[in-house]
Amino acid sequence: MTVLQALDERELLVKKITGRIQKLEPVAMVRPGEDVICGRRIRKEDFSAQAGALLQQLQDLIRRYDELSAAITVSNATHFVETRRGQMSVAGALALRSRLRADGAHGQERDFEGRLAERLLSCLEREKELLRHRNGASGQAASSARKNGRILILQNKESSASDRRDVCPSGSAPGLRLFDPLGARKRADEILEARDALLRELELAIKISNATTYIEV
């Protein structure tokens, strides 16, 4: 069978196992000296046989599930797909896809590209807002400074740490400009686009591999 067929069977087994576990009734009540289960029209011998048969079916289904999982794991570790990041095992591709999807309990923490893009944009918006505030607040002070011939002097190397807390205090430097050497917005868009493109590529590569790779169970 192909990996895809194994995955489908394994998914079906989950439903079967869950349903039959709920149907299992291994314990009942009997009255002393009676051969029939209390509240049911079934003999103790038949009750025992049914419970034992269902338990065995469950154990067989669980074993089948585990065998499929083991075969899929071996296949994923020994078969490879080509991606824009180079060749990687199917297992590696699955792990990378999971991270890019932000799957799992700590998925959002592992969405590094998303968090990085968010940081770039938040810093950009923070500095733009601060720029608007400081340039607006510095208008009158700048005009007064020009009239009085005042010149802004930045701290030299001997300045103390406390002196360097804010080299551009509000109102001190008119005409501040945004310094964005990385192009934060464009870079954030590029990072997210590259992440989404890689995810689409992985999805397709894994789908093709699962449909064309055969395993024995």
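Our subject in this report is the structure included herewith. (Residues numbered from 1 in each chain as written. Predicted model: local features only at pLDDT ≥ 70, side-chain atom pairs only at ≥ 80, totals over all residues. Heavy atoms only, no water.)

What to know about the packing of helix α3 (residues 90-101) against helix α7 (residues 184-212)
α7 packs onto α3 with a crossing angle of 140° between their chain directions and a minimal axis gap of 10 Å. Between α3 and α7, the angle is such that the two are oblique. The two elements α3 and α7 meet at a crossing, and its hand is left-handed. Contact residues: V90, A93, L94, L96, R97, L100 and R101 in α3; R195, L198, L199, L202, E203, I206 and S209 in α7. By residue class, the composition of the contact of α3 with α7 is 9 nonpolar, 1 polar and 4 charged. (Axes fitted to C-alpha atoms, helices over the stretch in contact; angles between N-to-C directions. Helix = DSSP H or I, 4+ residues; strand = E, 2+ residues; numbered from the N terminus. Parallel < 35°, antiparallel > 145°, perpendicular 65-115°, else oblique. Left-handed = near helix turned anticlockwise from the far one by under 90°. Contact = heavy atoms within 4.5 Å. Nonpolar A, V, L, I, M, F, W, Y, C, P; charged D, E, K, R; others polar.)

Quick word on the pattern of salt bridges
Scanning the model with the defined rule gives 18 salt bridges in all. Close ionic contact of D60 with R63 constitutes a salt bridge, the shortest N to O distance being 3.1 Å. Of the two residues, D60 and R63 are both situated in helix α2 (residues 44-78); the distance of 3 residues between them amounts to about one turn of the helix. You can call D60 partly exposed: its relative accessible area is 37%. Overall, R63 belongs to the partly exposed group, its relative accessible area being 46%. A salt bridge links E125 to R185; the shortest N-O distance between them is 2.6 Å. Residue E125 is found in helix α5 (residues 112-137), and its partner R185 is found in helix α7; the two are separated by 60 residues along the sequence. What makes E125 partly exposed here is its relative accessible area of 33%. When salt bridges that share partners are traced, they join D35, R43, E45 and D46 into one network. (Salt bridge = Lys/Arg side-chain N within 4 Å of Asp/Glu carboxyl O. Buried < 20%, exposed > 50% of the residue type's maximum accessible area, 1.4 Å probe, protein only.)

Nothing here speaks to function; it is geometry throughout.
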